[in-house]
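# Breakdown of the fold
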Amino acid sequence: MKKKWVSLFLASAMALSMAACGSEDAGSGNGEESTKKDIPTIDKINKEDYKDLKADIKILTNRTDIVDTKYKEYADAFMKEYPNIKVTYEAITDYEESLTLRLPNGDWGDICFIPSTCEKSEMGDFFTPLGDFQTLDGIYNFVTDKTFDNTVYGIPNGGTAGGVAYNKRIWKEAGALKEDKDGNVVTPKTPDEFLEALKLIKENTSAIPLYTNFSAGWPMGAWNDYVGIACTGDPDYKNNKLLHQSEPYTKNEENSGPYAVFYTLYHAVANKYVEEDPLSSDWETSKVRINNGEIASMVLSSWCIEQFRGAGETPDDIGYMPFPISIKGKQYVSSGGNYAYAINNKASADNQIAAMLYVKWLVEESPIFVDEGSIPALKSAPLPESLSDLEGVEMLADQPAAAGEESLYDDIRMKAEVLSGDYPVSELVEAALYGKKSLDDMMVEWNQKWTDAQESFEVEVK
């Protein structure tokens, strides 16, 4: 990824040189002031010390759907408390691509969500340290992912659990849900049980059993998130054991582990349990369609629940089940952070301080977690009602990487082009859709790519 950032940096060199000659407008401070004024960390900043601070800050967001409603409400509420700080939002449709291009410039604003293309080792090039890991890990959830060299650079705007969103009415009508002896609904616990449920939905309803949202791209990459706790039950797997494992994409007798994740997707596509033409799928309309029952299920993290519930007239039909893999008869749910707020270290010192105040207010005082039904950033806050369907399933978070290997997960997956964005998963869908390759042939290829990447970084394979 460093090569990608370098090339993007060179591509925007003209814009950078122009920015260097510009004035320090809102969100475009050149950072010189930062050397003269200390930027307090988020755990130490005292809002009473900055009631008279004057600044104009800009926040970049991917939430085009609520930027003029909910996000404006947050900004207005904050500005009542800090009348000398002006907060504005800029919503970006092609967020990941745009941020990848704009970050090296430095003249992009004051707060953003860290794009997935920014590797851990590069965060310090762009973002202000928020505090040390030991301190912030005791206060906030999910800071591990945006920590490098014991420094935290991002705090998530809430967290999610990993499972499957589904329309409860459609699943019941299809006979795809079972009940235990006490009359409680039992969702599929294995890939084959899940595929059998999709078959029943296809046969007994007019709904699309599993909607891939293939054309949007990023929903394909969401499948990578289930390679970890959901398929192993081991919080140490993703950031540590996987990196040293030999041929991790090999099938095991239990049909768990990484192979089982992609087995589920491949066979759903191969058996035509997905939309007829994935190339023409549409993300925005899919929210309405799962609400009204045209779509039965989608594999996405739990952040989607509130969007699906708010997209139509039957919010109570939306449920959320664990991903259908069991380890020794038990299911696990991974929990992790959403996009993480980060502060531009090239902004002026006053803007960085104002940005720190706003991030702290968002994650500690705003109603954002209630509004979005997400796991709060604060460890002391309660879980949302929307995750009540996961009751009885163990919820775990990934453990941090070993010292000295903080960037190894990114290094290997990017080098191998496996678990890196939507590309390899999209290739798998195309292979299943058109019969180009078998799943086992693809997993052999992925294993070889993983092995080659391990060798290139001289990783000890255990």
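Located above this text is the structure these notes cover.
These lines cover the structure that appears in this document, whether it is placed above or below. Predicted, not measured: the structure shown is a model, and the values here were computed from it.

Definitions and limits used
Residues numbered from 1 in each chain as written. Predicted model: local features only at pLDDT ≥ 70, side-chain atom pairs only at ≥ 80, totals over all residues. Heavy atoms only, no water. Pairing = 2+ DSSP bridges. Helix = DSSP H or I, 4+ residues; strand = E, 2+ residues; numbered from the N terminus. Axes fitted to C-alpha atoms, helices over the stretch in contact; angles between N-to-C directions. 1 Å grid on protein atoms, 1.4 Å probe; cavity = no way out; pocket = protein on both sides within 12 Å on 5 of 7 lines; lining within 4 Å. Points joined across faces, edges and corners; volume = space filled by probe spheres on them. Nonpolar A, V, L, I, M, F, W, Y, C, P; charged D, E, K, R; others polar. Buried < 20%, exposed > 50% of the residue type's maximum accessible area, 1.4 Å probe, protein only. Contact = heavy atoms within 4.5 Å. Expected span 1.5 Å × (residues − 1). Arc of directions from axis to C-beta.

### Digging into the sheet that holds strand 16 (residues 394–397)
Taken in spatial order, the three strands of this open sheet run 8-14-16, and their pairing is mixed. With partners counted over all chains shown, the strands left at the sheet margins are strand 8 (159–161) and strand 16, one partner each. Across this sheet, the average inter-strand angle for adjacent strands is 30°, counted without regard to direction. Of the pairings in the sheet, the one linking strand 14 (residues 332–337) to strand 16 comprises four bridges and is parallel in character. Its bridge partner being in strand 16, Ser335 is matched across the sheet by Ala397.

### Points about the layout of surface pockets
Roughly 450 Å³ of internal volume is contained in the second largest pocket. In terms of lining, the second largest pocket is formed by 21 residues, of which the most central are Val185, Thr187, Asp389, Glu391 and Val393. Broken down by secondary-structure element, the contributors of at least two residues to the lining of the second largest pocket are helix 7 (168–174), strand 11 (185–186) and strand 13 (318–322). Of the residues assigned to the lining of the second largest pocket, the class counts are eight nonpolar, six polar and seven charged.

### Considerations on the environment of Ile412
Tracing the backbone through its elements, the reader meets Ile412 in helix 17 (residues 408–416). With a relative accessible area of 0%, Ile412 lands in the buried category. Once the C-alpha coordinates of Ile412 and Asp149 are considered, the two residues, 263 residues apart in sequence, prove to be 18 Å apart. When sequence neighbours within four positions are dropped, the list of residues in contact with Ile412 reads Leu243, Trp450, Ala453, Gln454, Phe457 and Val459.

### Here we look at helix 8 (residues 191–204)
With 14 residues, helix 8 ought to run about 20 Å at 1.5 Å a step, and its terminal C-alpha atoms sit 20 Å apart, in line with that. Three or more residues of helix 8 are buried, namely Pro191, Phe194, Leu195, Ala197, Leu198 and Ile201. Along the axis of helix 8, the buried positions cluster into a sector of 155°, meaning they face one direction only. Summarising the contacts, the buried residues of helix 8 are in contact with strand 9 (163–167), helix 7, helix 12 (257–270), strand 12 (297–298) and strand 13.

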